[in-house]
Amino acid sequence: MNRQKLGYVLALIFLAAVPLMGVYPVFVMKIMCYALFACAFNLLLGFTGLLSFGHAAFLGSAAYASGHAIKMWGFPTEVGLAFGVLVAGVLGLAMGALAIRRSGIYFAMITLALSQMVFFFFLQANFTGGEDGLQGVPRGTLFGLIDLKNDLNLYYVVMAIFVFGYFIIWRTVHSPFGQVLKAIRENEARATSLGYDVDRFKLLAFVLSAMLAGLAGSTKMLIFVSATLSDATWQMSGLVILMTLIGGLGTLVGPVIGAFIVVLLENKVGEIGAMLTSWTGIEWFQRLGESVSIVIGLIFVICVLAFRRGIVGELGAWYERRKAIRS
């Protein structure tokens, strides 16, 4: 077993043991949802070179679709989740077919504009609950066997979903299809000259990324038994970009690390501030909980200046330099 596979096995064992360590399961489930969302976005930007400013549309649409299907139409939980992923995929196909006609900043602006249209649709549609969101979605049971009202049962289901989504991304990146995506990222003109239908590959990558983002959205809805407008805002699209860049663009593990850092700061920065106050005696740290955006922005600036490849990217580059020196 090589080091990478051993690392994955150890990470899987650790993840399975986390609830037994007394950690709040919902907090870790939230990290896994955002990590899957960031990995889906990274498949598009990090491995295909397409910067989407509208990926929150897929997260939100899947959350609303699966929540409505389960609550109002009485779909079984697993069918409702699959329905949310399907809706995200169809939306990704429609948005991608329009967006891939342009490249660079024009592609990014088109995805942002289309995402805002989706947001305003959710704001005004009757079935979404408007600003109140879709609340009180029943978790139900999985395949009629696993009671998802139990947080521990739900934790392992969410863990299985995250591992499944991550495996799809890993397999895609290491497949011939993934190699073509990397070629498009590095030199689109050369990929075209080699006979590849670049637009078709970009559209497939866009739809796959949208469906995986939708899987994260449906899972997040199940955890918090609600879908809200915050899932579809442009700020959420910016947040997933931040997670990917902090962790390491174009790496498999980087978005997971980035999601962990951002969610940890969003939820624990107040406790960190209180701890720093007790250590240093500086009262200003008590106000960190009111300045989450400033703290995250400061970390982003530090990463851009000192870790241009992101945390995982810089660690990988350092390891390669050490290996080159030894050889």
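Use the structure listed above.
Residues numbered from 1 in each chain as written. Predicted model: local features only at pLDDT ≥ 70, side-chain atom pairs only at ≥ 80, totals over all residues. Heavy atoms only, no water.

Notes on the layout of surface pockets
In this approach the atoms are scanned with a rolling probe the size of a water molecule, which exposes any empty space left behind. By volume, the largest pocket is sized at about 1400 Å³. Surrounding the largest pocket, 40 residues form its lining, Gly7, Tyr8, Ala11, Tyr166 and Val253 being those nearest its centre. Only helix H1 (3-17), helix H2 (25-48), helix H6 (151-173), helix H11 (254-280) and helix H13 (310-326) provide two or more residues apiece to the lining of the largest pocket. Sort the elements by how many residues they give to the lining of the largest pocket and H1 lands first, with 10 residues. Residue classes in the lining of the largest pocket are distributed as 29 nonpolar, seven polar and four charged. Each pocket or cavity is described by its volume, and for the second largest pocket that value is around 260 Å³. Lining the second largest pocket are 15 residues, and of these Leu81, Val85, Ile161, Phe164 and Leu215 sit closest to its centre. (1 Å grid on protein atoms, 1.4 Å probe; cavity = no way out; pocket = protein on both sides within 12 Å on 5 of 7 lines; lining within 4 Å. Points joined across faces, edges and corners; volume = space filled by probe spheres on them. Helix = DSSP H or I, 4+ residues; strand = E, 2+ residues; numbered from the N terminus. Nonpolar A, V, L, I, M, F, W, Y, C, P; charged D, E, K, R; others polar.)

Quick look at the packing of aromatic side chains
In the structure shown here, the tally under the stated rule is 15 aromatic pairs. Ring geometry for Phe121 against Phe127: centres 6.2 Å apart, planes inclined by 55°, an arrangement best described as tilted. Overall, the relative accessible area of 30% leaves Phe127 in the partly exposed class. Considering the side-chain rings of Tyr196 and Phe201, the 5.9 Å spacing of their centres and the 85° angle between planes classify their relative orientation as edge-to-face. (Phe/Tyr/Trp six-rings, centres within 6.5 Å; stacked < 30°, edge-to-face > 60°. Buried < 20%, exposed > 50% of the residue type's maximum accessible area, 1.4 Å probe, protein only.)

Quick notes on the side chain of Glu314
Looking at where Glu314 falls in the secondary structure, it is placed in helix H13. Setting aside residues up to four positions removed in sequence, Glu314 forms contacts with Ala306, Phe307, Arg308 and Arg309. (Contact = heavy atoms within 4.5 Å.)

Describing the pattern of salt bridges
Across all of its chains, the model carries seven salt bridges by this definition. Across the salt bridge formed by Lys149 and Asp147, the nearest N and O atoms sit 3.2 Å from each other. Of the charged contacts, one joins Lys202 and Glu188 as a salt bridge, the two residues approaching to 3.4 Å between their closest N and O atoms. Placement of the pair is Lys202 in helix H9 (residues 198-224) and Glu188 in helix H8 (residues 188-193), with a sequence separation of 14 residues. Residue Lys202 is classed as buried on the basis of its relative accessible area, which comes to 3%. (Salt bridge = Lys/Arg side-chain N within 4 Å of Asp/Glu carboxyl O.)

Let's talk about empty space enclosed by the protein
Applying the stated criterion to the full structure yields one cavity of 30 Å³ or more. Roughly 30 Å³ of internal volume is contained in the largest cavity. Along the walls of the largest cavity sit Met32, Cys33, Leu36, Val158, Ile161, Phe162 and Thr219, which together make up its complete lining. Among the secondary structure elements, those contributing two or more residues to the lining of the largest cavity are H2 and H6. Within the lining of the largest cavity, the residues separate by chemical class into six nonpolar, one polar and no charged.

Observations regarding the nonpolar core
Residues Met29, Met32, Phe37, Phe58 and Tyr155 are the most contacted members of the largest nonpolar core, which totals 92 residues. Top element by residues in this core is H2. It accounts for 19 residues. (Core = buried A, V, L, I, M, F, W, Y, C linked by side-chain atoms within 4.5 Å.)

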